[in-house]
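Architecture and fold: a report
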Amino acid sequence: MSIDAERLKLPLARPNVLDLAPLYEVLRREAPIAPVTTPAGDPAWLVTRYEEVRLLLGDKRFGRSHPEPEKASRISTAAVQDGPTGEYATEEADHTRMRRLLTPAFSAKRMRMLGDNMEELVDACIDQLIAEHSSTGVADLHHGLAFPLPVAMICRLLGVPEEDNEKFASLSERMAGTEIGEEAHQAREEFFRYMVGLVESKRGALGEDVISDLVRAQSEDPSFDYVEMVRLCVGLLFAGHETTVNRIGLGVLFLLTDRSRWDALVADPDGRVDAVVEEVMRLGAPGDLGLLRYAREDVDIAGVTIKAGDALVLSTNAANRDASVYSEAEEFNPDRPERTHLGFGHGAHFCIGASLARTELRVVFAALAKRLPSMRLAKDLDSLQVRATLTGGVAELPITWR
Amino acid sequence: MKVVVDQGKCVGAGQCVLAADDVFDQRDDDGLVDLLDASPPAERLADVRHAAAVCPASAIAVSE
């Protein structure tokens, strides 16, 4: 590693919610694995080039746990992706069991079957937006659609009462908070207690939902720790709030900040929406950090030596704009020939909700193009309120359709 | 064309099903890959290759 004086400090300031810091381009070219200081003040490696990010995500010498968690570099002051998670000795087996348990409930086929249900929900949200804001013609798409759809879907899948929505929405937001210090960790504790209450109230009448599946599996498997099970439930509910919500927001902004992008989708919503969704997944860059890993052994790669225990921040945001992989990498172009991206990650930890997210995004963008073809932003991109959370995104999405 | 899948590597991402649902499915009990057609017709090559390329676990091998 080079001397501390040369270390970059994360996060690298970005010009706006859609673009990344120009420095990423220099890093990809000259220092694809660079020593940095995390927002928490600890050393880590920042990985920015597509080839290395993909390679490391698929390499079992890098994991989420740490042999001495108390000595591990911390990444941020948020209470998610902030440091090591899981047991070092059993990480791979624990993770495999978790995937086997959850994968069927999130399979591509099951998610497609939810599509009709989602279309009805989205249509109802848009009806309500139009009805409630017909006098002004201005509505907040964040509160009216981007937030309620993913939350309703994850609640149904997990078996969480939708009426608790405000409670866990606020807990999710605080857990991911990067500017509230210790309160983020207090929120994680509160979320844990909420989930224990929910799990215990469901135990007497288990149903056909993911939390019921997990409660059953945990009660039958002595090696499946109760605390781990509850944390997993919290993680799933959190992820259902903090990911697709932001992605809808970023997608709408990409589409509406250049009229030709929106007009192309409006001209052929069903034919174009898949490619639009993939481009939103590639170019949308929520949050300023990346995916966190710890090296399980010493590894020589791209001219640096990563020591066992070192932390790595894998910037999928930067990798997805790598000019050595994508032509005109910074351009939003759903017609580009390159069809792959790292927007859902890669390797063993590939996003388990990817098919759910894709289905939601397709339904949302196709419906908006059909129902509100004259939609445009009611505020400048630069004046939109950005969320101070690890997962980024906008706090508001004011649009008009007149 | 010949397609081989490795269920030991599969992480159940479902990317292959989205790329070519006439060739790949996910099993109902564990969500792992279910190869529906081990020798798909030549005109499916582009989609099957794409499925192999986007597999996050590199669990799909395609040979012509």
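Residues numbered from 1 in each chain as written. Chains lettered and ligands numbered in written order. Predicted model: local features only at pLDDT ≥ 70, side-chain atom pairs only at ≥ 80, totals over all residues.

Our next topic: the overall build of chain B. When helices and strands are counted, chain B shows two helices and four strands. Going from the N terminus to the C terminus, chain B shows its helices and strands as β-α-β-β-α-β. Here the C-alpha radius of gyration of chain B, 10 Å, is about what a compact globule of 64 residues would show, namely 11 Å. A principal-axis box enclosing the C-alpha atoms of chain B has dimensions of 30 × 20 × 15 Å. Looking at chain B residue by residue over its 64 residues, the buried ones come to 42%. (Helix = DSSP H or I, 4+ residues; strand = E, 2+ residues; numbered from the N terminus. Rg over C-alpha atoms; globule rule 2.2 N^0.38 Å. Buried ≥ 20, exposed ≤ 12 C-beta atoms within 10 Å, placed from the backbone.)

Glancing now at the sheet that holds strand S2 (residues 33–37) of chain A. The pairing of strands in a sheet happens through backbone hydrogen bonds and is either parallel or antiparallel. Residue and element names in this part refer to chain A. Spatially, the six strands line up as an open sheet ordered S1-S2-S3-S9-S6-S4, and their pairing is mixed. Each having just a single partner strand, strand S1 (8–9) and strand S4 (62–63) make up the two edges of the open sheet. By the bridge criterion, two bridges tie S4 to strand S6 (residues 291–295) in an arrangement that is antiparallel. Within S6, the position partnered with glycine 63 by the bridge is tyrosine 294. Across the sheet, helix H2 (residues 50–57) lies against S2, strand S3 (43–47), S4, S6 and strand S9 (311–314), angled at about 125° from S9, the strand it touches most. (Pairing = 2+ DSSP bridges. Contact = placed C-beta atoms within 7 Å. Axes fitted to C-alpha atoms, helices over the stretch in contact; angles between N-to-C directions.)

Turning our attention to the interface of chain B and chain A. Counting residues at the interface gives 18 residues for chain B and 16 residues for chain A. Secondary-structure elements contributing two or more residues to the side of chain B that touches chain A are helix H1 (15–19), strand S2 (24–26) and helix H2 (45–54) of chain B. The greatest single-element share of the side of chain B that touches chain A, amounting to three residues, is contributed by H2(B). In the side of chain B that touches chain A, the residues fall into eight nonpolar, six polar and four charged. (Nonpolar A, V, L, I, M, F, W, Y, C, P; charged D, E, K, R; others polar.)

All names here are of chain A. Running from N to C, helix H8 (residues 165–175) and helix H9 (residues 183–203) point in directions that differ by 145°, and their axes come no closer than 8 Å. Here H8 runs over H9; the crossing is left-handed. When H8 is examined against H9, the residues Lys167, Phe168, Leu171, Arg174 and Met175 are found in contact with a partner set consisting of Glu183, Ala184, Ala187, Arg188, Glu190, Phe191 and Tyr194. Its residues assigned to classes, the contact of H8 with H9 shows seven nonpolar, no polar and five charged. (Left-handed = near helix turned anticlockwise from the far one by under 90°.)

Let us look at the sheet that holds strand S10 (residues 376–377) of chain A. Strand order in the open sheet made by the three strands is S5-S11-S10 (chain A), with antiparallel pairing throughout. In this open sheet, the two strands that pair with only one neighbour each are strand S5 (138–140) and S10 of chain A.

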